[in-house]
Every structure is written in C-alpha cells, then in structure tokens.
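Spelled out from the first residue to the last, the chains are:
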Amino acid sequence: MTKAPEASPAASRRHTEVLDALGAAICSGELAPSSVLLSDELEARFKVSRTLVREVLRVLSSLGLIAPRRRTGTVVLPESEWDAFSPQVIRWKLASPHRVAQLQELTELRRAVEPLAAQLAAERAGDAARAEIVRLSAAMWAAGTTENTEEFVELDIAFHHAVLAASGNGMFGKLNRVTEEVLAGRVHHGLMPPHLDRSALEGHLEVAAAIQRGDGPAARAGMERLVVRSVNEMSHLWTRPEPSTETQPSGNMPEVR
C-alpha cells in the first residue's frame, strides 16, 4: 500500500496556526456557541486549502468544540461539550478571558488527586521510580536556590509527572499533561511569585523523602501542603472579577452566523 506523503514543515506550521486561532476564538467566546463555521469563509480568511480546513475542523470536532449539524453546517458547541482534560483546550482557555476560572478548576483538581497519588507512590513505587523522584526534588532545590526559574519549572513538571506515574494508577498518570499545562501556564501568564519560596523547595524534598521511605500518610500530607501553597499563591485571583466575555468583532475571524 502506498504511504501517504507527510506534510511539509510549513504546512504543519500553518495547520497549527489555524487550529490555534479557531480554538482560541471558541474558548474565549469570540466564536459563541451555535456560531456556524463555513469552510469557504475559513479558506478565504486564512488563505489555506480546503484540505487543511477540513483537517483543522476534524481536530476541533474531536475535542468537542464543534460538530456538524444537518441543514446547518458546522456549529460551535457549548463549553459543557468540550474535552476539559485536553491540554489544547486548557491552553486556549488559559489564554482567554476565562483564565482565572480555568486556573481555579485545575488547582482544585490537583488538590483532589495529587495528595492521594503521592500516598500511593509511597506504597507502590519501585526502587527506580523512588530514586527518580528523589533526584528530581534535589535538582529542584539546586535550581530554586540559584533562582533559575525556567529550569525549576521544567523540573517541577517532571517531579509531579513522576509522582502521578509512580502512583500505579493509570488514570492518575494520564493527568500528567493537565498538571504540565497549569504549571507552565502560571509561568507563561506571569502568575509565579517573584522569588521561589524556600519552604516550597523544602516541601518537595519532604514529599520525595516520604515516598522513598514508603511513608504514605506523610507523602500525602506533604503533597497536600504543596498544592495548598499553590492555591494560596493564586487565591487573590479568585476574588477578582473576570474581564467581560462580551466581545466586539475584531476583524481577526471570519463572519459567523
């Protein structure tokens, strides 16, 4: 069977650009639920082929953002239909006027899952997984004490991935990309404290040490403190009114009906 030709880097880049533009417009509310997306208008607006538009719409449909409707066309779906755990949807929502609500939901999810994951990691993880968690916590300490924020965040993401994976619960492990988006999103949107907190560095060491020695309750309590600290660092955001979601035509998107 003849293998289909791979897309060129330029075509792949353009696909990503159009996908991000439409996804962000839907998640921000610029393209409201029940808006109709017409392929001809999208082709003209973005100056791309029908094939590329079809592929972008397929991806958006797989994420629950749009769906075909008989005698209507492709329509934007309400948020209740979106794939809330998709890293792409999370990223688009974090870039939207709904950023604070999304951060609050993600932080509440972390608080519900990660302490139990740490306890299970202490009870179930193999020696190699325990050693890796300890190594990551030590590397975080080194990066944090030198104020290397970029390296610290990369290690922080890897640390939480390792704990979720070491829990032995496959469903917890699948949340690693959700955790990555919220941790990276805090940096991207300027929501990190200006200086890394020494107690947070110590907290990661404590969780790692509890996992290494197999102390489930201590690992759970330590992770709970870490997540609560993250909540407290952003809690001032929850009380701020979010920007109005009413949008005026920006000229960036094709006409919808």
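Summary of the structure given here.

Parameters and conventions
- Residues numbered from 1 in each chain as written.
- Predicted model: local features only at pLDDT ≥ 70, side-chain atom pairs only at ≥ 80, totals over all residues.
- Heavy atoms only, no water.
- Phe/Tyr/Trp six-rings, centres within 6.5 Å; stacked < 30°, edge-to-face > 60°.
- Lys NZ or Arg CZ within 6 Å of the ring centre and 35° of its normal.
- Helix = DSSP H or I, 4+ residues; strand = E, 2+ residues; numbered from the N terminus.
- Buried < 20%, exposed > 50% of the residue type's maximum accessible area, 1.4 Å probe, protein only.
- Contact = heavy atoms within 4.5 Å.
- Core = buried A, V, L, I, M, F, W, Y, C linked by side-chain atoms within 4.5 Å.
- Lys, Arg positive; Asp, Glu negative; His and termini not counted.
- Salt bridge = Lys/Arg side-chain N within 4 Å of Asp/Glu carboxyl O.

## Section: the packing of aromatic side chains
Okay, so step 1: Summed over the entire model, instances satisfying the criterion amount to zero aromatic pairs.
Okay, so step 2: Here Arg45 stacks its cationic end above the ring of Phe46, 5.9 Å away from the centre of that ring.

## A short note on the environment of Val59
Okay, so step 1: Relative to the assigned elements, Val59 resides in helix α3 (residues 50–62).
Okay, so step 2: Residue Val59 is classed as buried on the basis of its relative accessible area of 12%.
Okay, so step 3: With near-sequence residues (within four places) excluded, Val59 lies in contact with His15, Leu19 and Gln88.

## Description of the nonpolar core
Okay, so step 1: Formed by 40 residues in total, the largest nonpolar core has its most connected members in Ile133, Phe152, Phe159, Val163, Val207, Ile211 and Met223.
Okay, so step 2: Where this core is concerned, the elements lending two or more residues are α4 (87–94), α5 (99–124), α6 (127–145), α7 (149–166), α9 (176–188), α10 (198–213) and α11 (216–238).
Okay, so step 3: Considering every element that reaches this core, the biggest residue donor is α7, with nine residues.
Okay, so step 4: When neighbours within four sequence positions are excluded, Ile211 is seen to be in contact with Ala118, Ala121, Ala122, Arg130, Ile133, Val163 and Ala219.

## Some details on the environment of His160
Okay, so step 1: Take His160: it is sitting in helix α7.
Okay, so step 2: Along the primary structure His160 and Ser137 are separated by 23 residues, whereas in three dimensions their C-alpha atoms are 10.0 Å apart.
Okay, so step 3: For His160, the residues in contact, after removing those within four places along its chain, are Arg110, Glu114, Thr179, Leu183, His204 and Met223.

## Topic: the side chain of Asp156
Okay, so step 1: One can find Asp156 in helix α7.
Okay, so step 2: Within the buried core, Asp156 has no salt-bridge partner, and the shortest N-O distance to an opposite charge, that of Arg110, equals 5.9 Å.
Okay, so step 3: Contact partners of Asp156, with chain neighbours within four places excluded, come to Met140, Leu183 and His204.

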